[in-house]
Amino acid sequence: MKNIVWFSEGTKDQKELLGGKGANLAEMTSIGLPVPAGFIVTTDVCRQFLENQQLTQPLVEEIIRAVATLEERTHKSFGGNQQPLLVSVRSGAKYSMPGMMDTILNLGLTDQTVQALAANTKNPTFAYDCYRRLIQMYGDVVKGIDKSHFESYLTTYKHKKGYPSDQSMVAPDWQEICEVFKSIYMEHTQERFPQDPLEQLLSAVQAVFRSWNNPRAITYRKIHKIAHDLGTAVTVQEMVFGNSGAASGTGVAFTRDPTTGHRGLFGEFLACAQGEDVVAGVRTPRPISDLAKTQPEIHAQFSAIAELLENHYKDMQDIEFTIEEGRLFVLQTRNGKRTAKAAVQIAIDLVSEGKITKKTALHRLTPDMLDQLLHPIFSPESLAKASPLGQGLPASPGAAVGRVYFSAEAAVSAHQAGEKVILLRQETSPEDIDGMVVSEAIVTSRGGMTSHAAVVARGLGVCCVAGCDQLAVDSFLKQARCGEVIIQEGDYLSVDGTTGNLYQGALSLVASQDFGLLQTILDWSKERADLVVRANAETIEEIKTAASFGAAGIGLARTEHMFFGEARIWPMRQVILAETTEERQVALSQLKTFQLNDFKELLLQTKEQKCVIRLLDPPLHEFLPRPQEYEEMAKRSGYSLEKIKQRIHDLQEVNPMMGHRGSRLGITYPEIYEMQTAAIIEAALQASEAGSVVYPEIMLPLISIPEEMRVLRERLETYIRQIFAHYQKEVPFKIGMMLETPRACLLTKELAPLADFFSFGTNDLTQMTFGFSRDDAAGFIQRYLDKGILSEDPYQHLDKSGVGQLMEQAVASIRQQTKGKAIGVCGEVGGDPQSIAFLRAIGVDYVSCSPYRIPAAWLAIAQSAS
Ligand code: ADP
Ligand code: MG
Ligand code: MG
């Protein structure tokens, strides 16, 4: 095993061993670019070092031999009095972690060699500038002396001298600074600044190895899910000097704009400066285009190299370069970091330039990039200045700013007065819908990813942060407390639904919408996709949005939302309170008129495509009148107040989510499902009369007993036949069921022949498999995540080992029993890119999700298909 690899020996594919920086320096050397000579101490050595906390003697000897070789190659001598060789010692791991680990420049300078450098270059200003940089960097990285000790002295010095910048400093100034820096070094370490170049080098190598484990590097790896045992390589490289005069300088450039993705060199340059000055912001760099005026040949040479590198790596490059006395050197290249928009733009452009295939382009993107393209975001500048007030679940992406209101009514009237509003509630319920629709964002202090607020917000494409448990919401006092901060009605709040962060005040927003780019990626994804994406949608608005994102029909239209609103809620209440079937029929026939229209619109909007309509699912009490409405209810129904109270009391349930809902309602009150079925079928008849081809598919929720399905199916089918007979006309229809209880999944063998299609409701299935209440789980799931008991929230990402296992065997058993029956997924994880690969693998035919998640779902399918 080799411990040391020369640039001339390595390739770009050895990132694991040489680190990204080292591997690319090697690659650039072998394709003939001007790279200062050097060698790489491998990550293997780093891992050994971190274990033993020391360099072995053979390794030390190997490094000494490598330095000797470097001396020969550069015709310079390390620690020498004639042509002193200086080197940088650079960190670089497999994955780039910009600025997280350490690098030291100008190693090899001592009181002796600095004089040689000064004499040699006839430039003492430059030589002592290098030396003071070394003392500071070495002090910081090797000895942990805070940079500020050095910097504040330098600032005071310049101030005293009346110098506007470092540029005014001359040799005696830097000489004096070097002396002071050495004494600062001494003060903190009780040691002299090392005068043996080899000691400097070996200590630097060890310090860079150690920087793998500095706190900021560890945090960065946690955030980016990078393994902690990879280690960093160390690159030892001959120094070239951008600070050696006016014809020298240093810069960083991207081959395309990292914000917009547009083609063309984009970067910054500083004349007479060394490496870190550009990032450190000591002076304001100039745009790289300036170089075209001052040093046109260098600019042309660099442009050619940039293009060559981009073509070689077939991706946008981020390149570090230095000019020493009119000679150009390349010091680093890597695939450049970029915004979501730039990533999509660059992927598309590289395909049209013939550099990569569509498949490669799709794999370069992540599904959340498409999410980001659809929603506005906070400007990076305003985010840099803000610190989050609190954090909840990122329930619906996007960013929003508005004034806080604590009730739907207040939100609506503020909206009517022209304000942008944020609805802040403990949790939302169906009655809040009017307020939710007009809000820029919805924030709740309780509830999870499948809470009412989250589900509705995603459907609407409204930003939402759910379950922010640091918030104590008092809607009566119209205020919320978050730690020390009190939020009053009308206060500005900024909400980031992509990260879950809340910020006090109004951050600035930037639109990142770019539908043209999105369309191209959608088209390419659909070409490769081998299962389809349908929409969870019921309003015209949602269906249109879904269609524009390429939805292949509707996978779930929820009918419960169709019973709210003044005109419908009262007959609905009448249905529930009715004592006799006859009474119920009267109210139902009123509702049927509405439903018929709803379904006709729905079917016409999705014509030619499958449209799954789910019959009423929620617990009945959600529709009941509130105490202040009892009076009116009594008037409208003719029942006594007493009777109404009694009936409502009877209908209360201890655990409504597991109570009288779904197909259980269909069994106990068959008239409700018959009314809905009649409305669907008559709507379909009317639509087909008008010349449209429609495919209504009726779905029964929450089945867990085959007999439930048999009874309901028979009853509805008989009823449909009667309708056909009455109209003397037929339309194709299907009756299917949801698979959302563990029992249904276990009994698919019996259920398979009873339904025409199946759809997994993963929200309920997760709730019942874990026994985690959907409405209450957010609080303790967070603690489970913190403690590492769960690695993921099962409502966000499908629990493959438990819920997934039930699903997998259910699909297999349905496929064994019957052929050609569609199996889909309409729960939340149907739109989760991370879950999609698994769903595809177990063989479902489609996933269905809320409209704004459709693009990411298509991309996730395309990525896992090829
Ligand atoms: P980082 O990973 O933080 O960018 P680098 O190892 O790339 O750290 O080095 C920091 C700065 O020093 C960069 O601007 C780089 O170009 C410059 N630098 C590194 N090695 C040399 C060298 N041998 N000669 C001149 N400049 C160098
Ligand atoms: Mg760098
Ligand atoms: Mg359900």
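Numbering of residues starts from 1 in each chain and follows the order in which that chain's sequence is written. Throughout, the order in which chains and ligands are written sets their labels, letters from A for the former and numbers from 1 for the latter. Local features are withheld for residues below a pLDDT of 70 in this predicted model, meaning they are given only at 70 or higher, and side-chain atom pairs are given and counted only at 80 or more; totals for whole chains, interfaces and linings count all residues. Only hydrogens and water are removed before side-chain values are computed, so all heavy atoms of the structure are retained for them.

Named according to an unreviewed UniProt entry, the protein is Pyruvate, phosphate dikinase originating from Enterococcus saccharolyticus 30_1. The record in UniProt for the protein states the following under Sequence similarities (unreviewed entry): "Belongs to the PEP-utilizing enzyme family." UniProt positions are given in the numbering used here, feature names are shortened, and annotations may be inferred rather than shown by experiment.

Glancing now at the sheet that holds strand S29 (residues 757-760). Between any two strands, at least two bridges found by DSSP are needed for them to pair. Where helices and strands are cited, they refer to DSSP runs of H or I of at least four residues and of E of at least two residues respectively, numbered from the N terminus. Strand order in this closed barrel of eight strands is S24-S25-S26-S27-S28-S29-S30-S31, and the pairing throughout is parallel. Within this sheet the neighbouring strands show an average axis-to-axis angle of 30°, counted without direction. As paired elements, strand S26 (residues 610-614) and strand S27 (residues 695-700) share five bridges and run parallel to each other. Of the residues in S27, the one forming a bridge with Arg614 is Met699. Angles run from 0 to 180 degrees between N-to-C directions of axes, and those axes are lines fitted to C-alpha atoms, restricted for helices to the stretch in contact.

Read across the sheet, five strands follow the order S8-S7-S6-S9-S10 without closing on themselves; strand pairing throughout is antiparallel. With one partner strand each, in any of the chains shown, strand S8 (286-287) and strand S10 (327-335) form the two edges of the open sheet. Bridge count for strand S9 (residues 317-324) against S10 is eight bridges, and the pairing is antiparallel. Paired with Glu324 across the bridge in S10 is Arg327.

What follows covers the coordination of the magnesium ion (ligand 2). Keep in mind that water is not among the atoms, so a site may look incomplete; donors are the N, O and S atoms within 2.8 Å of the metal, or 3.2 Å for Na, K and Ca. Donor atoms from the polypeptide that bind the magnesium ion (ligand 2) are Glu320 (OE) and Gln332 (OE1), placed at 2.0 to 2.1 Å. Linking Glu320 in strand S9 with Gln332 in strand S10, this pair joins segments that are 12 residues apart in sequence.

Moving on to a nonpolar patch on the surface. The patches described consist of residues with a relative accessible area above 30% and no salt bridge, like charges being joined within 9 Å and nonpolar side chains (Val, Leu, Ile, Met, Phe, Trp, Tyr) within 5 Å. Shrake-Rupley sampling with a 1.4 Å probe provides the accessible areas, and residues are treated as covered by the protein chains on show and by no other component. A carboxyl oxygen of Asp or Glu within 4 Å of a side-chain nitrogen of Lys or Arg is what we treat as a salt bridge. Nonpolar side chains collect at one region of the surface, where Phe780, Tyr784 and Ile789 lie side by side and expose about 270 Å² of accessible area between them. Turning to its location among the elements, Tyr784 is positioned in helix H32 (residues 777-787).

Bringing the packing of aromatic side chains into the picture now. Think of it this way: a Phe, Tyr or Trp ring, Trp meaning its six-membered ring, pairs with another when their centres are within 6.5 Å, and the plane angle makes it stacked under 30 degrees, edge-to-face over 60, tilted otherwise. For the structure shown, the criterion picks out 20 aromatic pairs. Judged by centre distance (5.0 Å) and plane angle (75°), the rings of Phe126 and Phe241 are edge-to-face. Here the residue Phe126 occupies a position in helix H5 (residues 124-143), and Phe241 occupies one in the loop between strand S5 (232-238) and strand S6 (249-256), the gap between them amounting to 115 residues. Using a 1.4 Å probe on the protein chains alone, a residue whose accessible area is under 20% of its type maximum counts as buried, one over 50% counts as exposed, and one in between counts as partly exposed. The buried category is assigned to Phe241, whose relative accessible area is 7%. Considering the side-chain rings of Phe772 and Tyr784, the 6.3 Å spacing of their centres and the 85° angle between planes classify their relative orientation as edge-to-face. One end of the pair, Phe772, is in the loop between helix H31 (762-770) and H32; the other, Tyr784, is in helix H32, with 12 residues separating them in the sequence. Since its relative accessible area comes to 12%, Phe772 is described here as buried. One aromatic cluster is present, built from ring pairs that chain together Tyr131, Tyr138, Tyr185 and Phe193.

Looking at the element boundaries, Asn311 is found in helix H12 (residues 296-313). In the structure, Asn311 is positioned 84 residues away from Ala395 in sequence and 40 Å away in space, judged by C-alpha atoms.

We now examine unusual backbone geometry. Non-glycine residue Gln53 carries a positive phi angle of around 60°. Along the polypeptide, Gln53 turns up in the loop between helix H2 (43-52) and helix H3 (57-74). The phi dihedral of Lys478 is positive, around 55°, even though this residue is not glycine. Turning to its location among the elements, Lys478 is positioned in the loop between strand S18 (471-474) and strand S19 (479-482). With a relative accessible area of 40%, Lys478 lands in the partly exposed category.

Cross-referencing UniProt, the feature "active site" (unreviewed entry) maps to His452 and Cys826 in the present numbering. A relative accessible area of 25% places His452 in the partly exposed class. The contact definition used throughout considers only heavy atoms, calling two residues in contact when any of these lie within 4.5 Å. Among all residues touching His452, those that are not within four sequence positions of it are Thr428, Ser429, Pro430 and Met436. Owing to a relative accessible area of 4%, Cys826 belongs among the buried residues under this scheme. If we skip the residues at most four places from it in the chain, Cys826 touches Asn536, Gly555, Leu556, Met699, Met738, Ser759, Phe760, Gly761 and Ser848.

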